[in-house]
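Breakdown of the fold
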Amino acid sequence: MSFSSYQLNSLEAYRKAYQESLRDPEGFWAAIASDFLWHQKWDQVLEWNFREPKIQWFRGAKMNITENCLDRHLDTQGDQPAIIWEPNDPKEPHRTLSYRQLLEEVCRFARVLGKNGVRKGDRVCIYMGMIPELAIAVLACARIGAIHSVVFGGFSAQSIADRIQDASCSHVITCDGAFRGARDIPLKSVIDDALTQCNTVKKVIVCRRTKTPVSMIQGRDVWLEDELEKLDRSASFPPAESMDAEDPLFILYTSGSTGKPKGVVHTCAGYMIYTNYTFVNVFQYKPGQVYFCTADIGWVTGHSYIVYGPLSAGATTLMFEGIPTFPDAGRLWEIVDKFRVDTIYTAPTAIRSLMAHGEAPLRNKDLGSLKVLGTVGEPINEEAWQWYHEKIGKGKCPIVDTWWQTETGGIMISPIAGLTPEKPSFATLPLPGIQPAIMDEKGKELQGNGVSGNLCIKFPWPGMIRTTYGDHERCRKNYFEAYPGYYFTGDGCLRDKDGYYRITGRVDDVLNVSGHRIGTAEVENAINMHTDVVESAVVGFPHPIKGQGIYAYVICHHQVKEEMTRKNILETVTRVIGSIAKPDKIQFVSGLPKTRSGKIMRRILRKIAEGEMNNLGDTTTLLDPSVVDEIKKGKL
Ligand code: PRX
C-alpha cells in the first residue's frame, strides 16, 4: 500500500510528525506528495500570503486527481471493491464496483460529458441522490477537468437556481428522483423549476433511479443510459486531463453570516493530498477494511471522506442511499453487520436520534467488526459520546471527534484513532501541518494552555479554501480580515491545561442544525418573502437531537391567524431554501429589541430562545425595552 509510508503508528510518531511539520512545512508536505502520480513535478511547494489571500501549493505541477484515485490502484487492487453501495430499500440488492469497474464507469461517463459539450473549466451542477452514479459523475467531471458543484438533494429549486447562476453552470446532472426513507423526491422536476431562471444551462443529463415520470425537454435533456448506450464500445478511453495543481476541482456552497451562500473553491493537488493524508491517518485505515461514512455527497464530508480521501487511499468506501431510521432505527447497525464494516463515520445528530430509539434496534446486532468510530459536523455532547462508545463500540473502539469545515477541505483537529488519548467532547489535537491559534476579543493571540477565544489557523495547509467563486474579495473579508495574518474559522474554542482543543460552536450568525450550516440571514430572507411578514429575526436554541434548533421571531403586518401563517411561513422557507431550514419555533411579536441605531440585539433574542430569561444582560441601550417583556411572555 503506497500510503503506509506516512501512516502514523504511535503517539510518538504523531508528535514527531507534528514538530517536523512546524519546522519545515514545505518539506513535510512535499515528502507526502511524492507518493502520488504526477504528470509533471512542482517547481515550488508553497507560495502564500493571507493578505490577499493568495495560497498556492505545488505550483507548476500537473496531475489528475482521478488517476490518483483510480488508475494507480489497478495493479495492486484492481479487483478489490472501491465502492459498495447499499440501497435505501434493504430488499433491493447492493452493488459493488471494483476499482477496475469504477474506472471504466468514470471514463464512460466522462465521454458522455464530452459528447454533450462539457469542456475543461466548465461548471457542472450535480443534483442527485446517493447512488453510485453520483460518485461516478463527480469523478467524471474531475477526469476531464470540469468543475463540479454538487448541490444537496434537499435544497429547493430556488437554492439550486442561485447556485447555478452564481457559477454560470453550463450543465446539470440529475436523476428522475431519489429514494430517501419512505419518500421519493422528484429531483428532475425540481431542476425543471430551477432552470426556468437559468439561461446558462445547455444540457441536462438525467440518470434513471426511481422511474418517476419526468418531462424531458427536447434538445436540452438527455437520459444517461441512452447516452452511455450510444458510446462506441471499442473506442479506447481518452487520457485524463492534465490539470494544474491549482486548477479548481470543485465548488461547494456553504452558508455564511450574510444571506447569500458562498461558493467555496478547492483546487486539485492540495485538496487531494490533504484528504488522503487525513483519511489515512485519522481513521488508521488498513488495506482490505470496509469504511462507512454516512454523510451525503452533497456536503463536504461526502466529498472528502466518501469520495476523494478513501479512493485516493485505495480504500473500500461504503455508500448508503437511505437514512438511519428506515425501515427502522437499526438500519446503520444492520449495514455494519452485513458488510463487516471496520470504521463508521457519522454525525452527533444521528447518534442522538438513534439513542432516542433506545436499545431495541441494537438487539441481534453484532457490531463486532467495528474498530474505529468517528463523528463530525457539530460538538458531540458527553452523553452521546458515551452511548456511541459503549453501545456501538462496545467500549473497545476509539472515537475520533473530527473538527473541520467546508473551507478547510479536510479534518484539522482530531484524535488519531487509537493513538491519541481521548477526552469526550474534545476534538483533541491538531493534525500535523495545522497550526491553530486562539484569539482574544482584542485580536491578540493567546499563548499557553487553559485559554479560550476565537479559533484561527495561522499557517496554510494544502486543503484550504483558495477563493469564493467569482468574488475573491468576499473570501478575504470573510476569513482573513478579522484577524490580519490569520484564517478565521468562525468557531469559538478552548485549549485546556493539556493543550487539548474543544470546539464550542459558531461565534457568528451561523447555525448548526443537525450538523448542517445555515445562516440566520438566509432564513430571515426566506421568511420575509412571505407577504404577511414585516420583519423577522432568527436565532438558534439548544435542541436535544439536532444540536441547534431554529427559533424565529416574526412581526406581521396585521393580526394574522397564527396557525395558518405559521404553516405558510414554513412552506415559504421550504420553497426558498429547503426543508432543512424550516424553523422549529415561530413566535409572533409586535416588535424586536433594537438599539437606537436600529440594530437587532440578537444576544437578547438568543437568551430568550435558550430560556435564560433572567439573565439578559444590559438592555439599557434598547430603543424600546418594553418589547423584551412582551417577547418573554410569549416565549414558546
Ligand atoms: O462549527 C463547526 C462545526 O461545523 C462547522 C463547519 O460546518 P460545515 O462547513 O458544514 O462542515 C461540516 C463538516 C466538516 C464548523 O465551523 N463542526 C464541525 N465539526 C465539528 C464541529 N463542531 C464541533 N466539533 C466538531 N467535531
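Residues numbered from 1 in each chain as written. Predicted model: local features only at pLDDT ≥ 70, side-chain atom pairs only at ≥ 80, totals over all residues. Heavy atoms only, no water.

1. Quick notes on the overall build of the protein chain
Secondary structure summary: the protein chain contains 19 helices and 31 strands in total. For 636 residues, the compact-globule formula gives about 26 Å, and the C-alpha radius of gyration of the protein chain, at 24 Å, lands near that figure. Within the protein chain, buried positions represent 61% of all 636 residues. Contacts in the protein chain between residues at least 24 apart in sequence constitute 71% of all its contacts with a sequence separation of at least 6. When the accessible surface of the protein chain is summed, it comes to about 24,000 Å², and 50% of that surface belongs to carbon and sulfur atoms. For the protein chain, the distance from the average position of its 74 positive side-chain charges to the average position of its 75 negative side-chain charges is 1 Å. (Helix = DSSP H or I, 4+ residues; strand = E, 2+ residues; numbered from the N terminus. Rg over C-alpha atoms; globule rule 2.2 N^0.38 Å. Buried < 20%, exposed > 50% of the residue type's maximum accessible area, 1.4 Å probe, protein only. Contact = heavy atoms within 4.5 Å. Areas by Shrake-Rupley, 256 points an atom, 1.4 Å probe, with all protein chains shown as cover. Lys, Arg positive; Asp, Glu negative; His and termini not counted. Charge placed at Lys NZ, Arg CZ, Asp CG, Glu CD.)

2. Some thoughts on empty space enclosed by the protein
Inspection of every chain in the model, using the stated rule, returns 1 cavity of 30 Å³ or more. Volume-wise, the largest cavity comes out at about 70 Å³. Forming the boundary of the largest cavity are Met128, Gly129, Met130, Phe152, Gly153, Ala178, Phe179, Arg180, Ile185, Leu187, Asp296 and Glu321. It is strand β9 (residues 178-180) that provides the largest number of residues to the lining of the largest cavity, a total of 3 residues. (1 Å grid on protein atoms, 1.4 Å probe; cavity = no way out; pocket = protein on both sides within 12 Å on 5 of 7 lines; lining within 4 Å. Points joined across faces, edges and corners; volume = space filled by probe spheres on them.)

3. Observations concerning the domain arrangement of the protein chain
For the protein chain, the assigned domains read domain 1 (11-66 + 268-506), domain 2 (98-244) and domain 3 (510-633). Using C-alpha coordinates to define each centre, domain 1 is positioned 28 Å away from domain 2. Taken together, the contact pairs 27 residues of domain 1 with 28 residues of domain 2. Buried surface at the junction of domain 1 and domain 2, both sides included, amounts to about 2,600 Å², of which 60% is carbon and sulfur. Counting the surface domain 1 buries against domain 2, the share from its top three residues, Thr66, Glu321 and Tyr469, is 26%. Our enumeration of links across domain 1 and domain 2 arrives at 2 salt bridges. Of the charged contacts in the structure, one is a salt bridge between Glu321 and Arg209, with a shortest N-O distance of 2.8 Å. Taken together, the connections running from domain 1 to domain 2 amount to 11 residue pairs in polar contact (both at pLDDT 80 or more). In terms of residue count, helix α11 (residues 300-312) provides more of the side of domain 1 that touches domain 2 than any other element does, 6 residues in total. (Domains from an automatic or database assignment. Buried area = accessible area lost by both parts, 1.4 Å probe. Salt bridge = Lys/Arg side-chain N within 4 Å of Asp/Glu carboxyl O. Polar contact = N/O pair within 3.5 Å; in protein donor to acceptor, adjacent residues only side chain to side chain.)

4. Here's the deal with the layout of surface pockets
The calculated volume of the second largest pocket comes to roughly 350 Å³. Taken together, 20 residues form the lining of the second largest pocket, with Tyr18, Leu22, Pro430, Pro436 and Tyr501 sitting closest to its centre. Of all the secondary-structure elements, those providing two or more residues to the lining of the second largest pocket are α1 (11-23) and β22 (445-446). Take the lining of the second largest pocket: its biggest share by element is 5 residues, from α1. When the residues that make up the lining of the second largest pocket are grouped by side-chain class, the tally is 9 nonpolar, 6 polar and 5 charged. (Nonpolar A, V, L, I, M, F, W, Y, C, P; charged D, E, K, R; others polar.)

5. Some remarks on the site of the ligand
Inspection of the region around the ligand gives 17 residues, with Asp401, Thr402, Thr406, Asp491 and Arg506 positioned closest. Separating an oxygen atom of the ligand from a side-chain N or O atom of Thr406 is a distance of 2.6 Å. Surface burial for the ligand is 96%, taken as the share of its 530 Å² of free accessible area covered by protein chains. At the level of elements, α11, β20 (399-402) and β26 (501-506) are the ones that each hand at least two residues to the shell around the ligand. Residue classes in the shell around the ligand are distributed as 6 nonpolar, 6 polar and 5 charged. (Near = heavy atom within 4 Å.)

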